[in-house]
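Understanding the architecture of this molecule
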Amino acid sequence: MKKAIFIDRDGTIIVEPEDEQIDSLEKLEFVPGAISGLRSLMNLGFELVIASNQDGLGTPSFPEEDFWPVQNKMLKTLEGEGIVFDDILIDRTFPQDGAPTRKPGIGMFGKYLGGEYDLAASFVIGDRETDMQLARNLGARGLKLPEMSWAEIAETIRKSDRCATICRKSAETNIELMVDLDGNLDSEVDTGLKFFDHMLLQIVHHGGISLNLRAKGDLEVDEHHTMEDVGIVLGEALRTALGDKRGIDRYGFALPMDESRAIVLLDLGGRSELVWDVEFTREYVGDVPTEMFKHFFKSLSDALKCNLYIQAKGENNHHIAESIFKAFARSLKQAVHCNPFSYDLPSSKGIL
């Protein structure tokens, strides 16, 4: 489904003068941060739509010929910065008219109401309470200036799309997984393997992500299918949530834990490889066979399309396993970190 960002004009993109009429080029002034904020919203999969009330446009006191040169100059300036709007909605009534097309009414948003747009994943940006009421009326999320700066608004929207939900059902497992790379949601993990759950929650706590995972597998056979398929689904979800990877840091981390130490090097470069240098001295830790940790990370690295180097040494097998998951979590946190105002791919090839 399509998504849109509905943006008020006066007071949001350009400064609203005291008489509330943008009727001359001398009055054209951009709100601080608006241009850079709008620029950072391009190419995110949202349609950008100006949605503005313009009182009495076309009346003798405010003829249209006074208005359009100002808006055209604004659009031309923004276009020069790479900012192009997909639609422009202007209501021309007075407040006392009570027209359904006037914000916060949704009368002029007809094309966006037919089910083709995911309004719950869309946004309204404005500077008035009527804009926030419009967001509620549309079922979208409202972001208000000056309670938030344009930089904060842009970061909020860019991070809103770093989520993914993957469902995978086979003859051996049934898995539902949701991941949010920026940790905005509560997390819960249930795979039927308690020690595996404990390890996956290390990725949540130390990776700064949200993870909701329900996995039902054929544990009456053994643990193999469950851990393998969780690795595949987690890798797919992380890769999907990364989108085009613009602005991410890409690379990896290491840490000690008590007598053990783990080194995890991670590259989200689009190539799959696992180097595993770990020796366990027990067959099981808790209810998980230690041989399955390698297989889990192999499945994850293949699905995530990452290079993953894991080395760990220690005396306590629980500590060895936990240090690996913690180091992976910290590596992942560093690699997926995103600068919302960076449009570059961290690759000399121009593709990841």
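Everything in this summary refers to the structure shown in the same document. None of these values were measured; they are calculated from a predicted model.

1. Remarks on the overall build of the protein
Along the protein, the regular secondary structure elements total 8 helices and 15 strands. Taken along the three principal axes of its C-alpha coordinates, the protein extends 85 × 40 × 30 Å. Burial statistics for the protein: of 352 residues in total, 51% are counted as buried. At a minimum sequence separation of 6, the contacts of the protein that also span at least 24 residues come to 74%. In the structure as shown, the protein presents an accessible area of about 16100 Å², 48% of it carried by carbon and sulfur atoms. Side-chain charges of the protein comprise 38 positive and 59 negative groups, with the mean position of each set lying 4 Å from the other.

2. So, the environment of D131
Along the chain, D131 turns up in helix α3 (residues 129–138). A relative accessible area of 1% means that D131 is categorised as buried. Distance from D131 to L119, taken between C-alpha atoms, is 15 Å for residues 12 residues apart in sequence. Dropping the residues within four chain positions of it, D131 is found in contact with D8, K103, V124 and G126. Within the structure, the side chain of D131 is placed 2.9 Å from the side chain of K103, a separation counted as a polar contact.

3. Observations concerning α3
For α3, every residue scored as buried is listed here: D131, M132, L134, A135 and L138. Here the buried residues of α3 occupy an arc of 150 degrees about the axis, which is enough to place them on one side. Where α3 is buried, its residues touch β1 (3–7), β4 (123–126) and β5 (141–144). G139 occupies a position one or two residues after α3 and carries a positive phi of about 80 degrees.

4. Remarks on the environment of A262
With respect to the element layout, A262 can be found in strand β11 (residues 260–267). By relative accessible area, which is 2% here, A262 ends up buried. Residues A262 and K326, spaced 64 residues apart in sequence, show a C-alpha to C-alpha distance of 8.6 Å.

5. With respect to the sheet that holds β4
Strand pairing within a sheet occurs via backbone hydrogen bonds; the two strands may be parallel or antiparallel. The sheet built from 5 strands is open, its strands ordered β3-β2-β1-β4-β5 with parallel pairing. Each having just a single partner strand, β3 (87–91) and β5 make up the two edges of the open sheet. Here the average twist between neighbouring strands, direction ignored, is 20 degrees. Note that strand β2 (residues 46–53) and β3 share 5 bridges and pair parallel. Within β3, the position partnered with S52 by the bridge is I90. This element, α3, spans β1, β4 and β5 of the sheet and lies at about 170 degrees to β4. Along the sheet face, helix α4 (residues 150–160) touches β1, β2, β4 and β5 and points at about 180 degrees away from the line of β4.

6. A short note on the packing of helix α6 (residues 224–241) against helix α7 (residues 291–304)
It is at 7 Å that the axes of α6 and α7 come closest, and there the two elements cross at 30 degrees. In terms of axis orientation, α6 runs roughly parallel to α7. Between α6 and α7 lies a crossing whose hand is right-handed. Taken together, the residues of α7 that come into contact with α6 (itself represented by H224, M227, E228, V230, G231, I232, L234, G235, E236, L238 and R239) are M292, F293, H295, F296, S299, L300, A303 and L304.

7. Brief notes about the sheet that holds strand β9 (residues 210–217)
Pairing is mixed across the open sheet formed by 4 strands, whose spatial order is β6-β7-β9-β8. Taken across any chain shown, the strands that pair with only one partner, and hence form the sheet edges, are β6 (163–169) and β8 (188–190). Strand-to-strand twist in this sheet, taken as the mean axis angle between neighbours without regard to direction, amounts to 5 degrees. Bridge count between β8 and β9: 3 bridges; the pairing is parallel.

8. Quick word on the packing of aromatic side chains
Tallied over the full model, the rule gives 13 aromatic pairs. Ring centres 4.8 Å apart and planes at 65 degrees place the aromatic pair Y112 and Y117 in the edge-to-face group. Each member of the pair, Y112 together with Y117, is buried. A centroid spacing of 5.0 Å and a plane angle of 70 degrees characterise the contact between F296 and F297, whose relative ring orientation is edge-to-face. You'll find F296 and F297 in the same group, each marked buried. Of the aromatic side chains, those joined through ring pairs into one cluster are F195, F196, W276, F280, F293, F296, F297, F325 and F328.

Cut-offs used in this document
- Residues numbered from 1 in each chain as written.
- Predicted model: local features only at pLDDT ≥ 70, side-chain atom pairs only at ≥ 80, totals over all residues.
- Heavy atoms only, no water.
- Helix = DSSP H or I, 4+ residues; strand = E, 2+ residues; numbered from the N terminus.
- Buried < 20%, exposed > 50% of the residue type's maximum accessible area, 1.4 Å probe, protein only.
- Contact = heavy atoms within 4.5 Å.
- Areas by Shrake-Rupley, 256 points an atom, 1.4 Å probe, with all protein chains shown as cover.
- Lys, Arg positive; Asp, Glu negative; His and termini not counted.
- Charge placed at Lys NZ, Arg CZ, Asp CG, Glu CD.
- Polar contact = N/O pair within 3.5 Å; in protein donor to acceptor, adjacent residues only side chain to side chain.
- Arc of directions from axis to C-beta.
- Pairing = 2+ DSSP bridges.
- Axes fitted to C-alpha atoms, helices over the stretch in contact; angles between N-to-C directions.
- Parallel < 35°, antiparallel > 145°, perpendicular 65-115°, else oblique.
- Left-handed = near helix turned anticlockwise from the far one by under 90°.
- Phe/Tyr/Trp six-rings, centres within 6.5 Å; stacked < 30°, edge-to-face > 60°.

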